Amino acid sequence: MTWGPSFMYYHCPKCGLKFKYALDMIPEFGDDFGKCPKCGVEGVYETDGARKPDDLDYEEVE
C-alpha cells in the first residue's frame, strides 16, 4: 500500500510564505532543500509526511 508522495512542510520567517518540498527532491535541490523559493531564506520546519489537510495552503517547490 502506498500513501502517495511525502513532503516536508515549512514556512519562511522572513516573508511568511508557506511551502513544501517533496522528499524525493532532496538530491535535486541539495543544500538549497528547505529554503524559501521566494527569498532564499532557510525555512522553518513544521512537519513531514503524507499530504496534510491544509496542503493547498503550501506552495510546492519544484
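Residues numbered from 1 in each chain as written. Predicted model: local features only at pLDDT ≥ 70, side-chain atom pairs only at ≥ 80, totals over all residues. Heavy atoms only, no water.

### So, the environment of C36
Stage number 1. Among the structural elements, C36 can be located in the loop between α1 (26-29) and β3 (44-49).
Stage number 2. Along the backbone, C36 and G16 are 20 residues apart, and their C-alpha atoms lie at a distance of 9.4 Å.
Stage number 3. Among residues more than four places away in sequence, those in contact with C36 are C12, C15, L17, F19, V41 and G43. (Helix = DSSP H or I, 4+ residues; strand = E, 2+ residues; numbered from the N terminus. Contact = heavy atoms within 4.5 Å.)

### Notes on the pattern of salt bridges
Stage number 1. What the rule picks out here adds up to five salt bridges.
Stage number 2. For K35, the salt bridge identified is with D32, shortest N-O distance 3.4 Å.
Stage number 3. Judged by its relative accessible area of 26%, K35 is partly exposed.
Stage number 4. Judged by relative accessible area, D32 falls into the partly exposed class, the value being 41%.
Stage number 5. For E46, the salt bridge goes to K52, with nearest N and O atoms at 3.9 Å. (Salt bridge = Lys/Arg side-chain N within 4 Å of Asp/Glu carboxyl O. Buried < 20%, exposed > 50% of the residue type's maximum accessible area, 1.4 Å probe, protein only.)

### Notes on the environment of G40
Stage number 1. Here G40 shows up in the loop between α1 and β3.
Stage number 2. As a C-alpha pair, G40 and C12 span 28 residues in sequence and 9.0 Å in three-dimensional space.

### Notes on the sheet that holds strand β2 (residues 18-22)
Hydrogen bonds along the backbone pair up the strands of a sheet, which may run parallel or antiparallel.
Stage number 1. Taken in spatial order, the four strands line up as β3-β1-β2-β4 in an open sheet, and their pairing is mixed. A single partner strand is all that each edge strand has here, and the edge strands are β3 and β4 (59-60).
Stage number 2. As judged from the five bridges shared by strand β1 (residues 7-11) and β3, these two strands associate in the antiparallel manner. Each bridged residue has a counterpart across the sheet, and for H11 the counterpart in β3 is V44. (Pairing = 2+ DSSP bridges.)

### Observations regarding the pairing of β1
Stage number 1. Counting buried positions along β1 gives four out of five residues, so the element sits mostly inside the fold.
Stage number 2. Bridge count between β1 and β2: five bridges; the pairing is antiparallel. Directly across from F7, in β2, lies its bridge partner A22.
Stage number 3. Counting the residues in the hairpin turn of β1 and β2 gives six residues, including G16, whose phi is positive at 85°.

Honestly, it's all geometry; don't read function into it.
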